[in-house]
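Residues per chain, in single letters:
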Protein chains: 2
Amino acid sequence: MRLSRYFMPILKENPKEAEIVSHRLMLRAGMIRQQAQGIYSWLPLGKRVLDKVNRIIREEQDRSGAIELLMPTLQSADLWQESGRYDDYGKEMLRIKDRQDRPLLYGPTNEEMITDIFRSYVKSYKSLPLNLYHIQLKFRDEIRPRFGTMRSREFLMKDAYSFDLTREDAIHSYNKMFVAYLRTFARMGLRAIPMRADTGPIGGNHSHEFIILAETGESEVFSHKDFVNFAIPSAETNFDDVAGLQAIFDKWTSLYAATSEMHDEAAFDAIPEGDRLSARGIEVGHIFYFGTKYSEPMGARVQGPDGKEHLVHMGSYGIGPTRLVPAIIEASHDENGIIWPASVAPFDVVVINMKAGDEACDGLCDRLYDGLGKAGKDVLYDDTDDRAGTKFATADLIGVPVQIIVGPRSAANGEVEVKDRKTGAREVMTLEAAMNKLLA
Amino acid sequence: MRLSRYFMPILKENPKEAEIVSHRLMLRAGMIRQQAQGIYSWLPLGKRVLDKVNRIIREEQDRSGAIELLMPTLQSADLWQESGRYDDYGKEMLRIKDRQDRPLLYGPTNEEMITDIFRSYVKSYKSLPLNLYHIQLKFRDEIRPRFGTMRSREFLMKDAYSFDLTREDAIHSYNKMFVAYLRTFARMGLRAIPMRADTGPIGGNHSHEFIILAETGESEVFSHKDFVNFAIPSAETNFDDVAGLQAIFDKWTSLYAATSEMHDEAAFDAIPEGDRLSARGIEVGHIFYFGTKYSEPMGARVQGPDGKEHLVHMGSYGIGPTRLVPAIIEASHDENGIIWPASVAPFDVVVINMKAGDEACDGLCDRLYDGLGKAGKDVLYDDTDDRAGTKFATADLIGVPVQIIVGPRSAANGEVEVKDRKTGAREVMTLEAAMNKLLA
């Protein structure tokens, strides 16, 4: 993408409304724009990151055997009356009347709708296990949305729902998601710690939040510090291996970790003092097993091998992509801007032409832009006539992992400078060496 | 994907509520499910088709230079009061009050919001031309939603918005989208005819609908029949070539073509009788140039090369992916079910194991499933213990382009049968030959 043809509105000044660093950087880098309180547009740079985050989420959901569909944003109030949650949900639920005066609502979550889909089609245990997910907008009318897309009213959620014949099977489905989540966050460069959690309005008695540590975290968390050394399950993990997944779950829950709602002072104090971690965290995922909480009121039953009807055991599993993007920034930035992990970076590399119009500079930049693009890299080419200082500041702000700087002096020798955004290390090399380094 | 682990709820009976063939087939094939009047879930098979349709739309938008972002579904009423459309839009607009009693609405289109984004950031003609698009849900509270997702209330739309300094530049932007649309529909196996169109509530004076011919089309259309022979612009088209794009536009509008609203009886009668085409059509895209209709009331101005402020000239360009899917089915099906063009098929191939449990059958099927999957093909493997007749009927119904049938007799010889869904042609060949045929 040539920057001269792109839409990336950089803000020079720090926006006053931003209370946390990710919100500030997302506004400054032209990633998002608030359209109404807690309702955001994702501008092109932000959309690219969001797409990469969603792709990783999808790949790991699919790997674990979950199946993607797409439920609508608007739901009929009837379903929520059936489950008994229509009144429970309070003012956070956005209630709507259509032109025929029928009550609709903007879905804050989809347990009811997916249970309705399930009961309409699935009649036999032979169709189980089943885990259906979608990545869809939700709306929760929070009284005080804030921190940009970290806590917005309209937000994107990946929500998966598992259906099983028995509690044991459902725990295996739960473990699949547990492992998928560990992999998902790790692939985004995040170290997420699973913590026992309160279940809130979703319900159930077996639940974990995935928390990343960040100074700006909204909740206080307590854990053993050894979590940071645990190995992430590999891509070859066999998701059908019941004992294998249980072992991973057991390992990752063997040490103390809890949010403040579930904190057990005595258990925490039992940890040797040097191993205690008390910090602030950001919730990036939440998984629940809630048994027959929805299948019972809504009559979601299958015929078992015994020929009898059984209520299905369910769980639900959420990740908020529009929240993950700022969470990644909270975990990875410096005073100059964002530092994207390569897996979610909006571009793999930015080519900076320090003197657009200079023949040698333009020539080298064109070769880099074409060559890297053809090799499948996402390249941003700063071909504008901005000052070099502005270009460097922009490149640092938007946090693309590698910068290739093409200046007139070195360009005359066929050389460019390659800068690592994270370490700041710079190295002068030939164009060919730079290409090879990036394509290695 | 193994069918035994997939969620593809086939309906055996014809659903009574379906009035047109695409609606019937989408319900029977388990592609969609109605959740409330005119509000649908896309079940996994449908979601796959929708994704492929969206991917083609994106690729052609990107090729033409349009830039993707993502605006929210909910909008503040203020913007619509500024443009003057808040009252105009009538009961089709879903109006909402949030918990603070502030008026929101579920966006039926995004001219106002994108104009607001534009005016907030773009100050100079140097940033033009600019074309921003998103693929996002819309809601129009139609009094009589029907025909499944062909005319639903919550629906997906790709809407692009162009911004230019002058009318001439804006016409070039319009032509870019015109060409992108020709390519988009052609890649989905559709022959779309651009027709002069009424502009309705979007406004403007230069507008074309892209219409595909289908007996079930909602509108009557009139055109010269030579359109079916016109060449589609190639992937190498230079979108910066003003004269070149204008020539394509001129060619594609050189013959008579109009919807009934814009029909000119005299002009149509002037066509030699044998060349007249009077048929029913389905609108799959609609493009508008409307000048300063929104930039004027909303104050979207840029500084021109003359140092003065100029109102920007705008256009908007819509395609409805959730409408395109049934439109493709209307154009491509037979009495046994859907016939997907390869580019949008939910799977490239279905492997049908006629005797699951038979060692030779299972062995061949596994090799096909693994081999084709590793080669990047989307494979559906019918490994269920359904009767062969049921499997054949399902494969025909869901319309996957190629079926590979593995029966015990031929499997013993290492042979399989390859069936072309469209022609019905069947051919027995070795497993290797079948693989090569598919990977050719």
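Quick notes on the rules
- Residues numbered from 1 in each chain as written.
- Chains lettered and ligands numbered in written order.
- Predicted model: local features only at pLDDT ≥ 70, side-chain atom pairs only at ≥ 80, totals over all residues.
- Heavy atoms only, no water.
- Salt bridge = Lys/Arg side-chain N within 4 Å of Asp/Glu carboxyl O.
- Helix = DSSP H or I, 4+ residues; strand = E, 2+ residues; numbered from the N terminus.
- Buried < 20%, exposed > 50% of the residue type's maximum accessible area, 1.4 Å probe, protein only.
- Pairing = 2+ DSSP bridges.
- Least-squares fit on C-alpha atoms with pLDDT ≥ 70 in both.
- Contact = heavy atoms within 4.5 Å.
- Axes fitted to C-alpha atoms, helices over the stretch in contact; angles between N-to-C directions.

Asks: Before we move on, could you go through the pattern of salt bridges and cite the residues and values that matter?
Replies: As enumerated under the stated definition, the model contains 64 salt bridges over all chains in all. The salt bridge partner of Arg421(A) is Asp396(A), with a shortest N-O separation of 3.9 Å. With a gap of 25 residues between them, Arg421(A) in the loop between β22 (415-420) and β23 (426-430) and Asp396(A) in helix α12 (residues 388-398) connect regions that are remote in the sequence. Residues Arg421(A) and Asp396(A) agree in their burial class; the two are buried. Among the ionic pairs, Arg119(B) bridges to Glu82(B), the shortest N-O distance being 2.7 Å.

Asks: Account for the pairing of strand β6 (residues 103-106) of chain B, with residues named and values stated.
Replies: It is a general feature of regular strands that their side chains alternate between the two faces of the sheet. Residue and element names in this part refer to chain B. The sheet contact formed by strand β4 (residues 74-76) and β6 spans three bridges and is antiparallel. In the strand pairing of β6, Leu74 is matched with Tyr106. Direction of pairing for strand β5 (residues 94-97) relative to β6: antiparallel, over a ladder of four bridges. Bridge pairing in β6 links Arg95 to Leu105.

Asks: Could you give an account of the relation of the copies chain A and chain B, with specific residues and numbers?
Replies: Both copies of the chain are related through a single rotation about an axis accompanied by a shift along the same axis. The transformation that overlays chain A on chain B combines an axial shift of 0.0 Å with a rotation of 180°, and the residual RMSD is 0.0 Å. This pairing of chains is accounted for by a two-fold axis. Nearest to the rotation axis, the C-alpha of Ile96(A) is located 3.0 Å from it, this being the minimum over chain A. A symmetric contact is evident, with 100% of the interface residues of chain A recurring at the interface of chain B.

Asks: Just give me the short version of the sheet that holds strand β20 (residues 379-382) of chain B, but keep the residues and values in it.
Replies: All names here are of chain B. Spatially, five strands are ordered β20-β19-β21-β22-β23 in an open sheet, and the strand pairing comes out mixed. With partners counted over all chains shown, the strands left at the sheet margins are β20 and β23 (426-430), one partner each. Between one strand axis and the next, the sheet turns through 25° on average, direction left out of account. Summarising the sheet, strand β19 (residues 349-353) and strand β21 (residues 402-406) pair through five bridges and their orientation is parallel. Bridging from a neighbouring strand, Val350 pairs with Gln403 of β21. Packed onto the sheet, helix α12 (residues 388-398) meets β19, β20, β21 and β22 (415-420) and runs at close to 175° relative to β19. Helix-sheet contacts for helix α14 (residues 431-439) involve β19, β21, β22 and β23, and the interaxial angle to β23 is about 115°.

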